[in-house]
Amino acid sequence: MNSDNNNNDPNIIVRAVPVHTDHVIINVNQNNLTDDMEQTYALGKTIKFLSCFDILISLFYTFYNYYYLIPLLFGLFGYIGAKKYNSTYILIYNAYSIINLISRVFFMFYLILDDNINLSITSFFLLSFIIVIELWIIKIVFRFYSLLKKINVDQLNVLRENNLRIVRTIYW
């Protein structure tokens, strides 16, 4: 180009062309979230934490016996189900938790009723505490599953696709 060119040339035509993007941005206002959505989000975070703990314990047991890979896989079902809000995976994780609870109760009764095993008070209370914790986990997972079935698909997509920052603790 010639340096003598002047930007005030009347022959230059400038056109604005709109730019189209392939991305859809959804802005979610915290006021648009329903109470069920907030509860689902909070319970999902709780289940992710609990299933990570379950995975970690199963991983340590796996070094003892490879059969503990099975509970590790069920823990993964719980984590992925809570992360993706997948009701089928959550149902599988809850079934695993119920089977785990039943086996612990049977094991406790076996220890109590077997005359050859001397069950200490500490062991009894520890097993009882673990059973109560397992009941609590089953309640939380079932509540999460019920909420997943209750909210509609659009609400689920908002929970799945957005990076929400909701601080809400649900203990019971």
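Residues numbered from 1 in each chain as written. Predicted model: local features only at pLDDT ≥ 70, side-chain atom pairs only at ≥ 80, totals over all residues. Heavy atoms only, no water.

Quick look at the pattern of salt bridges
Definition in use: One speaks of a salt bridge when a side-chain nitrogen belonging to Lys or Arg is within 4 Å of a carboxyl oxygen belonging to Asp or Glu. Secondary structure is summarised from DSSP: a helix means a run of H or I of at least four residues, a strand means a run of E of at least two, and numbering begins at the N terminus for each. Summary of the burial criterion: residues with accessible area below 20% of their type's maximum are buried, those above 50% are exposed, and those between are partly exposed, where the area comes from a 1.4 Å probe applied to protein chains only.
Inspection of the entire model under this criterion finds two salt bridges. Ionic pairing is found between K150 and D36, a salt bridge with its closest N-O pair at 3.3 Å. In this pair, K150 sits in helix α4 (residues 121-150) while D36 sits in helix α1 (residues 35-62), placing the two residues 114 residues apart along the sequence. Across the pair R104 and E134 runs a salt bridge, and its minimum N-O distance is 4.0 Å. Of this pair, R104 sits in helix α3 (residues 87-113) while E134 sits in helix α4; the two residues are 30 residues apart in sequence, bridging distant segments of the chain. On the accessibility criterion, R104 (25% relative accessible area) is partly exposed. For E134, a relative accessible area of 8% gives the class buried.

Topic: the nonpolar core
Stated formally: Grouping buried Ala, Val, Leu, Ile, Met, Phe, Trp, Tyr and Cys residues that are joined through side-chain atoms within 4.5 Å yields what is termed a nonpolar core.
Judged by nonpolar contacts, the single largest core of 22 residues is most densely connected at I47, Y85, I90, V141, F144, L148 and L159. When contributions to this core are tallied by element, the ones reaching two or more residues are α1, α3, α4 and α5 (153-161). It is α4 that contributes the most residues to this core, seven residues altogether. In terms of nonpolar packing, the next biggest core, distinct from the first, is built from six residues, L101, M108, I131 and I138 among them.

A few points about the packing of aromatic side chains
Note the threshold: The aromatic pairing rule takes the rings of Phe, Tyr and Trp, using the six-membered ring of Trp, and pairs them if the centres are within 6.5 Å, calling planes under 30 degrees apart stacked, those over 60 edge-to-face and the rest tilted.
Overall, the coordinates contain seven aromatic pairs when judged by the stated rule. Between F77 and Y89 the ring centres are 5.0 Å apart and the planes differ by 85°, which places this aromatic pair in the edge-to-face class. Of this pair, F77 sits in helix α2 (residues 69-84) while Y89 sits in helix α3; the two residues are 12 residues apart in sequence, bridging distant segments of the chain. Taking relative accessible area as the criterion, F77 reaches 27% and is therefore assigned partly exposed. What makes Y89 partly exposed here is its relative accessible area of 29%.

Some remarks on the environment of Y68
What counts, and what does not: Should any heavy atoms of two residues lie within 4.5 Å, those residues are considered in contact.
The residue Y68 is located in the loop between α1 and α2 in this model. For the pair Y68 and S58, spaced 10 residues apart in sequence, the C-alpha separation works out to 5.8 Å. Excluding its chain neighbours within four sequence positions, the residues that come into contact with Y68 are S58, Y61 and T62.

Considerations on the confidence of the model for the chain
What counts is decided by this rule: Scored from 0 to 100, pLDDT records how confident the predictor is in each individual residue.
Chain-level pLDDT for the chain is 83 on average; 77% of the residues reach the 70-or-more range. Of the regions scoring below 50 in pLDDT, residues 23-28 engages in six contacts with residues more than four places distant in sequence or in other chains.

Focus on the environment of C52
Along the polypeptide, C52 turns up in helix α1. Here the alpha-carbon distance between C52 and G75, two residues 23 residues apart in the chain, equals 7.0 Å.

Looking at the side chain of T40
Assignment of secondary structure puts T40 in helix α1. Those residues in contact with T40, other than ones at most four positions away along the chain, are Y85, F144, L147, L148, I151 and L159.

Considering α5
Let me state the cut-off plainly: Directions pointing from the helix axis toward each C-beta atom define the arc. Definition of a polar contact: a pair of N or O atoms within 3.5 Å, with one able to donate and the other able to accept a hydrogen when the atoms are protein atoms, and with sequence-neighbouring residues admitted only if both atoms are side-chain atoms.
Taken together, the buried positions of α5 are Q155, L156, V158 and L159. Down the axis of α5, the smallest arc covering the buried residues is 155°, so these residues share one side. Residues of α5 that are exposed and point over 90 degrees away from its buried face: V153, D154 and E161. Looking at the buried positions of α5, the neighbouring elements they touch are α1 and α4. By the N-cap criterion, in which a side-chain oxygen at the helix start approaches the backbone nitrogen of a residue two or three places on, α5 is capped by N152, the distance to D154 being 3.2 Å.

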